[in-house]
Amino acid sequence: MRGLCDIVTAAGAELVGIGCAVEQGFQGGGDRLRAAGYDLQSLAIIESALNPNAVSRVGAVGMWQFMIKTAKSYGLEVNSLVDERRDPFKSADAAARYLTDLYNIFGDWNLAVSAYNCGPGNVNKAIRRSGSRNYWDIYRYLPRETRGYVPAFVGSMYAMKYSKDYGLSAGPMMLPAQVEPGRPVFVPLPQPPFPADQ
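Residues numbered from 1 in each chain as written. Predicted model: local features only at pLDDT ≥ 70, side-chain atom pairs only at ≥ 80, totals over all residues. Heavy atoms only, no water.

A. Local environment of a nonpolar patch on the surface. Among the surface-exposed residues, Y158, Y162 and Y166 lie close enough to one another that they form a single nonpolar patch of about 280 Å² accessible area. Judged by relative accessible area, which is 31%, Y166 ranks as partly exposed. (Patch = residues over 30% accessible without salt bridge, like charges linked within 9 Å, V, L, I, M, F, W, Y side chains within 5 Å. Areas by Shrake-Rupley, 256 points an atom, 1.4 Å probe, with all protein chains shown as cover. Salt bridge = Lys/Arg side-chain N within 4 Å of Asp/Glu carboxyl O. Buried < 20%, exposed > 50% of the residue type's maximum accessible area, 1.4 Å probe, protein only.)

If you want it as structure tokens, here you go:
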């Protein structure tokens, strides 16, 4: 775990600054994640290294790595002209709603986070095979990539939450004001206080 924290904190002020943008996007989700607090926002670090243009080998896109079907089911527009999976604010709102739904299905944040990575079907299969709803009991039945997902999430969450302890603070950054294929318009993002400061 320490190695991951070192990697995340080595990214410096830019990572913390983009983390503030993720926080703003999550605020669009209203009270949906109030019970979980700020920490779930760290999933975007694991999903895409906070890159709104990231594309996975299986076709997941954006900071939150949505597949087309899931993106559309959470209200994101995806077509040949627009791909809102790349919009940091709209995709963060969709991620907040999706994570809330996963929590409502599983009743446990570790299982919800695992399902975000490998899908609820794989988590249900692991639960059936293990006979338990405890993350560490189903761990060996999860897909290989997902086994490292919750520990990686905990590492990124720790690094973001305790960034001041590592001497990091939000630095200036630019994010697309509008997202269109080949035509992003970049504007400075106002820097809110980092949640750990509040």
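B. Quick peek at the nonpolar core. Judged by nonpolar contacts, the single largest core of 36 residues is most densely connected at L43, W64, F66, Y116 and V123. Residue assignment for this core shows that the elements contributing at least two residues are α3 (43-48), α5 (88-106), α6 (109-118), α7 (120-130), α8 (135-138) and α10 (149-161). At 7 residues, α5 tops the list of elements feeding residues into this core. (Core = buried A, V, L, I, M, F, W, Y, C linked by side-chain atoms within 4.5 Å. Helix = DSSP H or I, 4+ residues; strand = E, 2+ residues; numbered from the N terminus.)

C. Structural view of the environment of M63. Relative to the helices and strands, M63 is located in the loop between α3 and α4 (68-73). Given the relative accessible area of 1%, M63 is considered buried. Between the alpha carbons of M63 and R86 there is a distance of 6.7 Å; along the sequence they are 23 residues apart.

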